[in-house]
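Okay, here's what each chain looks like letter by letter:
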Amino acid sequence: MNAEFFSAIADIEKEKGIPQSYMLEKIEQALLAALKKDYPLYAECARVTLDPVEKNVDMFMQREVVKEVENPNTQYSLDQAKKIKKGSKIGDLINEPVDTSKFGRIAAQAAKQVIIQGIREAERNIVYDEFTSKEHEILTGVVTRVDPRTGGVSIQIGGSSEHTEAMLSHGERIPNEPMRDGDRIKVYVIEVKKTTRGPQILISRTHPGLVKRLFELEVPEIHEGIVEIKSIAREAGNRTKIAVESNDPDVEPIGACVGSKGARVNTIVNELGGEKIDIVRYSEDPTEYIASALAPSEVVEVMMHEDGKSCRVIVPDSQLSLAIGKEGQNVRLAARLTGYKIDIKPESQS
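Worth saying up front: this structure is predicted, and the values here are computed from it rather than measured. (Residues numbered from 1 in each chain as written. Predicted model: local features only at pLDDT ≥ 70, side-chain atom pairs only at ≥ 80, totals over all residues. Heavy atoms only, no water.)

Enquirer: Give a description of the sheet that holds strand 15 (residues 341-346) that names residues and reports values.
Expert: Sheet architecture is open: 3 strands sit in the order 13-14-15, paired in mixed fashion. Looking along the sheet, the strands with just one partner apiece sit at the ends: strand 13 (301-304) and strand 15. In this sheet, adjacent strand axes meet at a mean angle of 25° when their direction is disregarded. Where strand 14 (residues 310-315) lies against strand 15, 6 bridges are found, and the strand directions are parallel. Within strand 15, the residue paired with Ser-310 across the bridge is Lys-341. Across the face of the sheet, helix 9 (residues 286-293) comes into contact with strand 13, strand 14 and strand 15 while running at roughly 130° to strand 13. (Pairing = 2+ DSSP bridges. Helix = DSSP H or I, 4+ residues; strand = E, 2+ residues; numbered from the N terminus. Axes fitted to C-alpha atoms, helices over the stretch in contact; angles between N-to-C directions. Contact = heavy atoms within 4.5 Å.)

This is how it looks when you write it as structure tokens:
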């Protein structure tokens, strides 16, 4: 039985990735708790040892040999000890094996529950450790269920151990993006939390980090650090503005992101369900940066205010609606991208 017992523990390590040392510790605790439950008077002297090398499970009561017995549940007199083990002397520890076949049903069930709980806890820790290292990264998942009431989507994300369910809440979905069972989608891992029910993986399709990671995957110059993403402003499902800068004078940052015939940026646009992406050049000069951020509108002049946090931008009359954008979206994203409050005026009123 002991050989099969340790073989089963080894199988758990292979199948679930739970270390044998962890399982042995939990099983030892469970058996000890069960032993104390069946022998409450001798709880203080109950002992359990598991030896994976010799493949032995030993359960016994350990009593100390003393001159004068004060606690008969934990101590033996010298005469009592010699009846059990000849040659005993004061200070020795006498181990009396326990007949495990007489284990009570309740005690055995309690041990089983502790072992099961130990496995669950270990599995949760493995999942938590695995996905914590993937925070702020992109993972590919499969849609397993769409809740028609809340709009939340269950996503099955594959890990090295096994598949894990994550919930894409309605607020983290791209508006009006269709999703069906079996769809494969990319999600951004915002955070991994420990909860009483196991690790909770917070994922998003609306986070600006998703756009950043997609560009890193599609544009080698960004992945290698030649082109740097300085800022991103996003209204998921509609438009994103991204500011880039090149650390190599021979590399044009916007061209690198767009790719040949728009191949690179189009791949990202398709992944985001047709979301428009404006790629603009970053500049240390705020007037140049703000003018670029208002693309595709032309800009006549940018006048910085004394507070250093706002500005007035003059645009051609014909470009006013383009600069502001539908429902103010273009200027709103430009302001978020640059960090400046932008007041737009037509050239005729300047």
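Enquirer: Which residues make up the packing of helix 5 (residues 208-218) against helix 8 (residues 263-271), and what values do they have?
Expert: Between helix 5 and helix 8, whose axes approach to 10 Å, the crossing angle comes to 140°. Classified by the angle their axes make, helix 5 and helix 8 are oblique. The element helix 5 and its partner helix 8 pack so that their crossing is right-handed. Taken together, the residues of helix 8 that come into contact with helix 5 (itself represented by Leu-214, Phe-215 and Glu-218) are Arg-264, Val-265, Thr-267, Ile-268 and Glu-271. The residue makeup of the contact of helix 5 with helix 8, split by class, is 4 nonpolar, 1 polar and 3 charged. (Parallel < 35°, antiparallel > 145°, perpendicular 65-115°, else oblique. Left-handed = near helix turned anticlockwise from the far one by under 90°. Nonpolar A, V, L, I, M, F, W, Y, C, P; charged D, E, K, R; others polar.)

Enquirer: Lay out the layout of surface pockets with the relevant residues and their values.
Expert: Computed from the structure, the largest pocket encloses a volume of approximately 290 Å³. Counting residues per element, the ones that place at least two in the lining of the largest pocket are helix 10 (320-324) and helix 11 (329-338). Among the elements that line the lining of the largest pocket, the one with the most residues is helix 11, at 3 residues. Partitioning the lining of the largest pocket into residue classes produces 2 nonpolar, 7 polar and 5 charged. (1 Å grid on protein atoms, 1.4 Å probe; cavity = no way out; pocket = protein on both sides within 12 Å on 5 of 7 lines; lining within 4 Å. Points joined across faces, edges and corners; volume = space filled by probe spheres on them.)

Enquirer: Provide a residue-level description of the packing of helix 9 against helix 11, including the pertinent values.
Expert: Running from amino to carboxyl end, helix 9 crosses helix 11 at an angle of 145°, the nearest separation of the two axes being 9 Å. The way helix 9 lies across helix 11 gives a crossing that is right-handed. Where helix 9 approaches helix 11, its residues Tyr-289, Ile-290 and Ala-293 are matched on the opposing element by Ala-334, Leu-337 and Thr-338. Here the residues of the contact of helix 9 with helix 11 sort into 5 nonpolar, 1 polar and no charged.

Enquirer: Which residues make up the environment of Arg-63, and what values go with them?
Expert: Position of Arg-63 among the secondary structure elements: in strand 2 (residues 56-66). Between the C-alpha atoms of Arg-63 and Thr-74, which are 11 residues apart in sequence, the distance is 4.8 Å. Excluding residues within four positions of it along the chain, Arg-63 makes contact with Tyr-42, Cys-45, Pro-72, Asn-73, Thr-74, Gln-75, Tyr-76, Asp-92, Leu-93, Ile-94 and Glu-96. A distance of 3.5 Å separates the side chain of Arg-63 from the backbone oxygen of Asn-73, its partner in a polar contact. Polar side-chain contacts of Arg-63 include one of 3.5 Å to the side chain of Tyr-76. (Polar contact = N/O pair within 3.5 Å; in protein donor to acceptor, adjacent residues only side chain to side chain.)

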